[in-house]
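One-letter residues, chain by chain:
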Amino acid sequence: MTNAKPALRVALLGCGVVGSQVVRLLGEQADDLAARVGAPLELAGVAVRRLGRRRDTEIDPALLTTDAEALVTRDDVDIVVEVIGGIEPARSLILAAMSHGKSVVTANKALLAEDGATIHAAARKNGADLYFEASVAGAIPLLRPLRESMAGDHVHRVLGIVNGTTNYILDKMDSSGASFTDALEEAQALGYAEADPTADVEGFDAAAKAAILAGIAFHSRVTAADVHREGITEITAADVASAKGMGYVIKLLAICARSDDGGSIGVRVHPAMIPRTHPLAGVREAYNAVFVEAQSAGRLMFYGAGAGGAPTASAVLGDIVAVARNRIADTRGPEESTYADLKVHPMGDTITRYHVSLDVADKPGVLARVADIFSTHDVSIQTVRQEGRGDDAQLVLVTHRANDAALSATIEDLQDLDIVRAVASVMRVEGDDTP
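Cut-off values and rules
- Residues numbered from 1 in each chain as written.
- Predicted model: local features only at pLDDT ≥ 70, side-chain atom pairs only at ≥ 80, totals over all residues.
- Heavy atoms only, no water.
- UniProt positions renumbered as here; feature names shortened; annotations may be inferred.
- Helix = DSSP H or I, 4+ residues; strand = E, 2+ residues; numbered from the N terminus.
- Buried < 20%, exposed > 50% of the residue type's maximum accessible area, 1.4 Å probe, protein only.
- Contact = heavy atoms within 4.5 Å.

Our focus in this paragraph is the UniProt feature "binding site: NADP(+)" (unreviewed entry) in the chain. With numbering matched to this structure, UniProt assigns "binding site: NADP(+)" (unreviewed entry) to Leu13, Gly14, Cys15, Gly16, Val17, Val18, Gly19 and Ser20. Residue placement: Leu13 occurs in strand E1 (residues 8-13). Judged by relative accessible area, Leu13 falls into the buried class, the value being 1%. Leaving out residues up to four positions away in the same chain, Leu13 has contacts with Ala47, Ala68, Leu71, Val72, Val80, Val81, Glu82, Val83, Ile84 and Leu93. When you line up the elements, Gly16 lands in the loop between E1 and helix H1 (17-28).

Structure below.
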């Protein structure tokens with residue numbers, strides 16, 4: 001039976017790992033997608049940098065173009081899908097598309113985290129939809145539940161693993177005792193890490209995702225610049241072994257949380273030790289998982305493939321269907337919500353815990369002098385473990401919850417003690433309050 005409604009035309013920007021899978025799914029699932037939308041979805045064109053490049057999915061050469069701006073402003077295009085990444089030309093192309101009345105689906109976390117305000121404002125001004133489920137955690141349906149399903153709830157905290165590359169590296173270090181360098185090389189060989197892994201291992205990718213999550217969860221505008229960021233390049237095999245010996249595992253976490261008085265939010269990305277009994281501790285290899293803690297819903301966990309061509313394309317297709325349905329119904333999806341306008345407090349105001357490993361002189365009075373430094377900064381010690389090594393010893397301390405600035409000042413003063421040979425490692429401890 002012929003569908004009475006005219007086809008909706010889709011312009012695709014980028015045909016790499018994700019884009020090629022979007023093309024494949026649009027073709028393979030054409031009949032099902034048409035039934036779900038209420039009208040056929042047709043590929044109007046694909047903007048690429050090089051026409052002759054070999055691609056994973058066969059594409060009609062007539063659809064390929066290097067003139068992306070001309071494609072997104074064509075009268076016969078209804079929906080623009082951006083999967084090229086980066087800030088420019090993605091921003092200019094999205095703005096051009098919206099100014100011509102096109103709805104946009106994007107997976108671009110870097111752009112949304114840096115200049116989401118401009119993109120959302122353009123969508124609002126032009127009456128265009130902006131959907132971006134694929135920008136955080138790949139195939140995992142996370143943003144839509146936060147933005148729509150939990151719109152009537154009060155979110156307290158979002159805690160999770162949102163970068164598959166770093167999770168793979170840390171998992172291999174934990175399971176095999178490998179060094180960071182060896183685990184990274186294995187991740188690169190398997191295609192989990194780029195030749196230049198900086199965005200992943202230094203936490204930039206996770207920080208962009210944290211900014212997007214915090215903005216949605218707390219109805220406030222948050223940019224990547226607001227996020228405290230630390231990577232995993234300084235994590236050693238000794239750190240991982242020490243955590244293991246204490247019943248912990250090290251993960252790179254994105255943590256977005258309201259302050260105790262609810263007047264501000266903290267947004268941070270850094271490696272942390274979590275108990276092996278914590279559900280996030282069992283997230284292996286390149287998978288992602290995110291905990292959401294809300295007043296009425298309680299604790300929810302979202303788990304799945306956080307990256308990869310097909311998983312990310314799945315999220316993109318879901319957004320395309322949602323946008324297409326809105327076009328047919330002549331309505332729009334939810335707009336950006338920033339009514340709460342909560343400020344992001346500095347990392348120093350965050351309440352957290354530390355795991356500290358010190359190389360110290362093995363002689364009487366050392367522990368007392370170290371404890372005195374902690375006391376000076378009003379930081380309480382929860383546990384202490386000491387191992388002798390001839391004239392030296394290793395002193396491992398775990399603190400109670402305290403102000404991060406006080407903890408940092410404690411570490412600075414410890415480095416000045418003549419009995420402290422070296423501060424071997426400092427790591428935050430999270431998750432003891434989550435079953």
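All right, on to the side chain of Asp174 then. Within the secondary structure, Asp174 sits in helix H7 (residues 164-176). Each residue touching Asp174, except ones within four places of it in the same chain, is listed here: Val240, Lys244, Val249 and Arg276.

This part takes up the environment of Met347. One can find Met347 in the loop between strand E13 (343-344) and strand E14 (351-361). Those residues within four positions of Met347 in sequence are excluded, and the remaining contacts are His228, Arg268, His270, Asp404 and Arg428.

A few words now on the environment of Cys256. As for its position among the elements, Cys256 is in strand E9 (residues 248-258). Cys256 sits in the buried class, given a relative accessible area of 0%. A C-alpha to C-alpha distance of 10.0 Å links Cys256 and Val155, two positions 101 residues apart in sequence. In this view, Cys256 contacts His156, Arg157, Val158, Ala210, Leu213, Ala214, Phe218, Gly266 and Val267; residues no more than four positions away in its chain are not counted.

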